[in-house]
Amino acid sequence: DGGITQSPKYLFRKEGQNVTLSCEQNLNHDAMYWYRQDPGQGLRLIYYSQIVNDFQKGDIAEGYSVSREKKESFPLTVTSAQKNPTAFYLCASSIFPGAYEQYFGPGTRLTVT
Amino acid sequence: KQEVTQIPAALSVPEGENLVLNCSFTDSAIYNLQWFRQDPGKGLTSLLLIQSSQREQTSGRLNASLDKSSGRSTLYIAASQPGDSATYLCAVSKETSGSRLTFGEGTQLTVNP
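Conventions used here
- All residue numbers refer to position in the chain's written sequence, counted from 1.
- All chains are assigned letters beginning with A, and all ligands numbers beginning with 1, in the order in which they are written.
- A pLDDT threshold of at least 70 governs which residues receive local features in this predicted model, and a stricter bar of 80 or more applies before side-chain atom pairs are shown or counted, although totals over entire chains, interfaces and linings include all residues.
- Working from all heavy atoms in the structure, the side-chain values ignore hydrogens and water.
- Segments assigned H or I by DSSP are reported as helices when at least four residues long, segments assigned E as strands when at least two residues long, and all are numbered from the N terminus.
- As defined in this context, the radius of gyration uses C-alpha atoms, and a globule is described by 2.2 Å times the residue total to the power 0.38.
- Each residue's exposure class comes from its accessible area (1.4 Å probe, protein chains only) as a fraction of the maximum for that residue type: buried when under 20%, exposed when over 50%, partly exposed otherwise.
- Whether two residues touch is decided by their heavy atoms; if any such pair falls within 4.5 Å, the residues are in contact.
- Here, Shrake-Rupley sampling with a 1.4 Å probe gives the accessible areas, and only protein chains in the shown set may cover a residue.
- Take the accessible area each of two parts loses on contact, using a 1.4 Å probe, and add the two losses: that sum is the buried area.
- By convention in these notes, a salt bridge is any Lys or Arg side-chain nitrogen within 4 Å of a carboxyl oxygen on Asp or Glu.
- Think of a polar contact as two N or O atoms within 3.5 Å of one another; within protein, one of them needs to be a possible hydrogen donor and the other a possible acceptor, and neighboring residues in sequence only count if both atoms come from side chains.
- Polar here means any residue other than Ala, Val, Leu, Ile, Met, Phe, Trp, Tyr, Cys and Pro, which are nonpolar, and Asp, Glu, Lys and Arg, which are charged; Gly is therefore polar.
- For two strands to be treated as a pair, DSSP must find at least two bridges joining them.
- Helix axes are fitted to C-alpha atoms over the stretch in contact, other axes to C-alpha atoms as well, and angles between N-to-C directions run from 0 to 180 degrees.
- Grid points spaced at 1 Å over the protein atoms alone were grouped into cavities, where a 1.4 Å probe fits but cannot get out, and pockets, open sets with protein on both sides within 12 Å along at least five of seven lines, with lining residues defined by an atom within 4 Å of a point.
- Grid points are joined across faces, edges and corners, and a volume is the space filled by probe spheres set on the points.

(A) Representation of the overall build of chain A within the structure. Summing up its helical and strand segments, chain A has zero helices and 11 strands in all. Seen in sequence order, chain A has helices and strands lined up from the N terminus as β-β-β-β-β-β-β-β-β-β-β. Taken against the 2.2 N^0.38 rule, which gives 13 Å for 113 residues, the C-alpha radius of gyration of chain A at 13 Å falls within 12% of a compact globule. Taking the principal axes of the C-alpha coordinates as reference, chain A spans close to 35 × 25 × 25 Å. Across the 113 residues of chain A, 49% fall into the buried class. Counted over contacts in chain A with a minimum sequence separation of 6, partners at least 24 positions apart contribute 52%. Accessible surface for chain A amounts to roughly 5500 Å². Of this, 48% is attributable to carbon and sulfur atoms.

Right, here's the structure in full:
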C-alpha cells in the first residue's frame with residue numbers, strides 16, 4: 001500500500017526534553033511538509049522540503065528542526081525551545097513542489113507535561 | 001498576508017439535506033484551492049483540488065466552485081449522509097513552488113440520521 005506513515009500515534013514527553021516525530025512516505029513524492037494543528041484551529045506550516053538535503057522554514061519554525069537525508073523520510077524534532085509543543089502534528093507530501101495536491105499522514109499527538 | 005475564513009464554524013443538518021460550506025480568502029492571487037475532510041483525531045483526506053483557472057470540480061456527491069476574483073469558494077454536498085459528518089477544511093496555495101498552503105479553521109459538519 002502506498003501512503004504516508006507517522007509514528008508514534010501518541011507521544012508523551014516531559015518539559016525540557018527534545019522529541020523526534022517520524023514521517024515516511026512510499027509515494028515517491030519529492031516534496032514533504034510538516035504542519036501543526038491546535039484545537040479548533042486550521043493547520044500551520046512548520047517546515048517544508050522540496051528536495052533531498054534541502055528544506056525551508058514555514059510560518060512557525062521557531063523551536064523545531066528537520067532533516068531530509070532520504071527522499072522518503074522527513075523527521076521533525078521538537079526542541080525544548082518550543083514554548084507550547086503540545087499539539088497534533090501532521091506530515092504531508094506532494095508529487096512535486098508547485099501547487100500539486102497534498103496527501104496527509106494520520107498524525108502524531110504530542111503531549112508535553 | 002493571506003487569510004482564509006470558513007463559515008459557518010459548525011453546521012448540523014438532517015440526513016438527506018443538500019448543504020453548502022463557504023470559504024473566503026483575502027488575496028485573490030492564488031494558484032489553487034484544496035478542500036479536505038478531517039475525522040476526529042485523524043489526518044486530512046483530500047476531497048477536491050481546483051486550479052485557479054478552473055471554476056469548479058466534481059467528485060460524486062461533492063461539487064466545489066471557485067470565484068477567484070471575489071475570493072470565494074463553496075463546497076456543495078448533495079443528499080448528505082451521517083457518514084459525511086466530519087470537519088471540512090479549505091486551503092489555498094499562492095506560490096507556484098513549494099505548495100505552501102494557508103488553511104481555514106474548518107467547518108464542523110454533523111449529519112443527523
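(B) Layout of the interface of chain B and chain A. Facing the 24 residues of chain B at the interface are 28 residues of chain A. Together, the buried faces of chain B and chain A total about 1800 Å²; carbon and sulfur atoms form 49% of this surface. At the junction of chain B and chain A, the tally comes to one salt bridge. At the boundary of chain B with chain A, the tally comes to five residue pairs in polar contact (both at pLDDT 80 or more). Elements with a minimum of two residues in the side of chain B that touches chain A: β4 (32-38), β5 (44-51), β9 (86-93) and β10 (101-103) of chain B. Class assignment for the residues of the side of chain B that touches chain A results in seven nonpolar, 13 polar and four charged.

(C) How the structure looks around the environment of A:A61. Residues and elements named next belong to chain A. Relative to the helices and strands, A61 resides in the loop between β6 (54-57) and β7 (64-66). Looking at A61, the relative accessible area reads 8%, which means it is buried. The spacing of A61 and G105 is 44 residues in sequence and 20 Å in space, taken between C-alpha atoms.

(D) Focus on the sheet that holds β7(A). All names here are of chain A. Taken in spatial order, the four strands line up as β1-β3-β8-β7 in an open sheet, and their pairing is antiparallel. If you trace the sheet from one side to the other, it starts and ends with β1 (4-7) and β7, each paired once. Neighbour-to-neighbour, the strand axes of this sheet turn through a mean angle of 20 degrees, independent of strand direction. Inspection of the sheet shows strand β3 (residues 19-25) paired to strand β8 (residues 76-78) by three bridges, in the antiparallel sense.

(E) Here's a closer look at the layout of surface pockets. Empty space within the largest pocket amounts to approximately 600 Å³. In this structure, the largest pocket is lined by 21 residues; those nearest its centre are A:D59, B:K1, B:Q2, B:T102 and B:F103. Mapped by element, the contributors of at least two residues to the lining of the largest pocket are β5 (43-51) of chain A together with β9 and β10 of chain B. A per-class count over the lining of the largest pocket returns seven nonpolar, six polar and eight charged. Estimated volume of the second largest pocket: approximately 500 Å³. Surrounding the second largest pocket, 24 residues form its lining, A:Q37, A:G40, B:Q38, B:T87 and B:E105 being those nearest its centre. Counting only elements with at least two residues in the lining of the second largest pocket, the list comes to β1 (4-7), β9 and β11 (107-112) of chain B. Residues belonging to the lining of the second largest pocket are distributed by class as follows: eight nonpolar, 11 polar and five charged.

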